[in-house]
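Examination of the molecular architecture
Chain residues, written in single-letter form:
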Amino acid sequence: AEEHPKYPGGDAGLNKALVAHLKYPKDALEAGLQGTVYVQYVVGVDGSIQDVKVKRGVHPLLDKAAVKAVQALPPYEQPARNGGQPVPYQVVPPVRFKPE
C-alpha cells in the first residue's frame, strides 16, 4: 500500500491501547510464563480490525490473551490506501508479556 493505515496516536497510540487491553493471565504469571506473541490481523477498508490470529505464539495462555487484547482495540482512524482507494492491510504487532 502507498499509505499505511493510521491508528489514533500512531504506533505509540497502538502500543498504549494494546497495553491497556492486555490482561496477563494469572495462571501464566504464576507459572513464570513470559515472551512475545506476534498477532496477525487485517485492517479492513473501513479501519476495522479483522481476521485476528496468532502468527508466532509463546504458550496457549499468553496467545489467547494477546488475541483478546487485539480484538478489543478500537478501529484505525484511516485505512491503508493505494492510489487513493482504501485497501486491506496486514499488520503483525508484537505483544509482550513480561512480569513487573
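Here's what I pulled together on the structure shown here. (Residues numbered from 1 in each chain as written. Predicted model: local features only at pLDDT ≥ 70, side-chain atom pairs only at ≥ 80, totals over all residues. Heavy atoms only, no water.)

**Focus: the environment of glutamine 34**
Tracing the chain through its elements places glutamine 34 in the loop between α2 (26-30) and β1 (35-43). For the pair formed by glutamine 34 and arginine 96, sequence separation is 62 residues and the distance between their alpha carbons is 7.8 Å. Excluding its chain neighbours within four sequence positions, the residues that come into contact with glutamine 34 are Tyr24, Val58, Leu62, Phe97, Lys98 and Pro99. (Helix = DSSP H or I, 4+ residues; strand = E, 2+ residues; numbered from the N terminus. Contact = heavy atoms within 4.5 Å.)

**Details of the nonpolar core**
Among the nonpolar cores identified, the biggest contains 25 residues, and Val39, Tyr41, Val70, Leu73, Tyr76, Val95 and Phe97 are the most heavily contacted of them. Among the secondary structure elements, those contributing two or more residues to this core are α1 (10-21), β1, α3 (60-71), β5 (89-91) and β6 (94-97). Among the elements that make up this core, the one with the highest residue count is α3 (six residues). Ignoring anything within four residues of it in the chain, the contact list for phenylalanine 97 reads Leu22, Lys23, Tyr24, Pro25, Gln34, Gly35, Val37, Leu62, Ala65 and Ala66. (Core = buried A, V, L, I, M, F, W, Y, C linked by side-chain atoms within 4.5 Å. Buried < 20%, exposed > 50% of the residue type's maximum accessible area, 1.4 Å probe, protein only.)

**Here we look at the environment of alanine 17**
In this structure, alanine 17 sits in helix α1. Exposure remark for alanine 17: the relative accessible area of 14% places this residue in the buried category. The spacing of alanine 17 and alanine 69 is 52 residues in sequence and 8.6 Å in space, taken between C-alpha atoms. Here alanine 17 is in contact with Tyr7 and Leu73, once residues within four sequence places are set aside.

**Quick notes on α1**
Across its 12 residues, α1 extends 17 Å between first and last C-alpha, which sits within 8% of the 16 Å expected from 1.5 Å per residue. Along α1, the residues that are buried comprise Gly13, Leu14, Ala17 and Leu18. Here the buried residues of α1 occupy an arc of 135° about the axis, which is enough to place them on one side. Relative to its buried face, α1 has exposed residues pointing more than 90 degrees away, namely Asp11, Ala12, Lys16, Val19 and Ala20. Residues of α1 that are buried in the fold lie against β1, α3 and β6. (Expected span 1.5 Å × (residues − 1). Arc of directions from axis to C-beta.)

**Considerations on the pairing of strand β2 (residues 49-56)**
Examined bridge by bridge, β1 and β2 share five bridges and lie antiparallel to one another. Across the sheet, the residue bridging to valine 39 is valine 54, located in β2. In this structure, the hairpin formed by β1 and β2 is closed by a connection of five residues, where glycine 47 is found at a positive phi of approximately 90°. (Pairing = 2+ DSSP bridges.)

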